[in-house]
Amino acid sequence: VELSMALEDATEEAWRRALTAFQSNAWRGPGFAALYLQVCAGNHSCWPNARVETGSGVASVVALCSIPCGEEVLVSYLGEEVLGNEVEPRRQALATTWGFHCACGRCKSEGAV
């Protein structure tokens, strides 16, 4: 919903667009979804070099390895149980939950287009 619009004046389509934007950008955890300015801007990889930790309404990005200056910080949008799967189940989970086809380095290296 546009900030300039009074809530009672919002159309059903405006609410639908706002909900879609939230669902597409919110970080999801066990039993919650939230918008964190920096965390939600992170891109996905099936070979993440960082992970997101949440608790008490706060989110932190924690490096999983040394990340050289200038290299993109990548997190996985998938839980560990899905991240361990082959490429197609991972892609299906990402398409269903996040609405995109994964073309990360890991998916490409596993021979998938």
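Everything below is about the structure printed above this text.
Structural notes, computed from the coordinates.

Reading the values: rules and limits
Residues numbered from 1 in each chain as written. Predicted model: local features only at pLDDT ≥ 70, side-chain atom pairs only at ≥ 80, totals over all residues. Heavy atoms only, no water. Core = buried A, V, L, I, M, F, W, Y, C linked by side-chain atoms within 4.5 Å. Buried < 20%, exposed > 50% of the residue type's maximum accessible area, 1.4 Å probe, protein only. Helix = DSSP H or I, 4+ residues; strand = E, 2+ residues; numbered from the N terminus. Contact = heavy atoms within 4.5 Å. Pairing = 2+ DSSP bridges.

Here we look at the nonpolar core
If you look at the biggest cluster of nonpolar residues, it comprises ten residues: C46, L78, V82, L83, V87, L94, W98, C102, C104 and C107. Where this core is concerned, the elements lending two or more residues are helix 2 (80-83) and helix 3 (87-98). A per-element tally of this core places helix 3 first, with three residues. In this structure C102 touches H44, C46, R91, L94 and C107, once residues within four positions along its chain are discounted. Within the second largest apolar cluster, five residues are counted, among which are V39, A50, A59 and V75.

Some points on the pairing of strand 5 (residues 58-63)
The sheet contact formed by strand 4 (residues 50-55) and strand 5 spans six bridges and is antiparallel. For V52, the partnering residue across the bridge sits in strand 5 and is V61. Taken together, strand 4 and the strand that follows it, strand 5, pair antiparallel across an intervening segment of two residues, in which S56 is found at a positive phi of about 55°.

Note that every value here comes from positions in space, so none of it alone points to a role or purpose.
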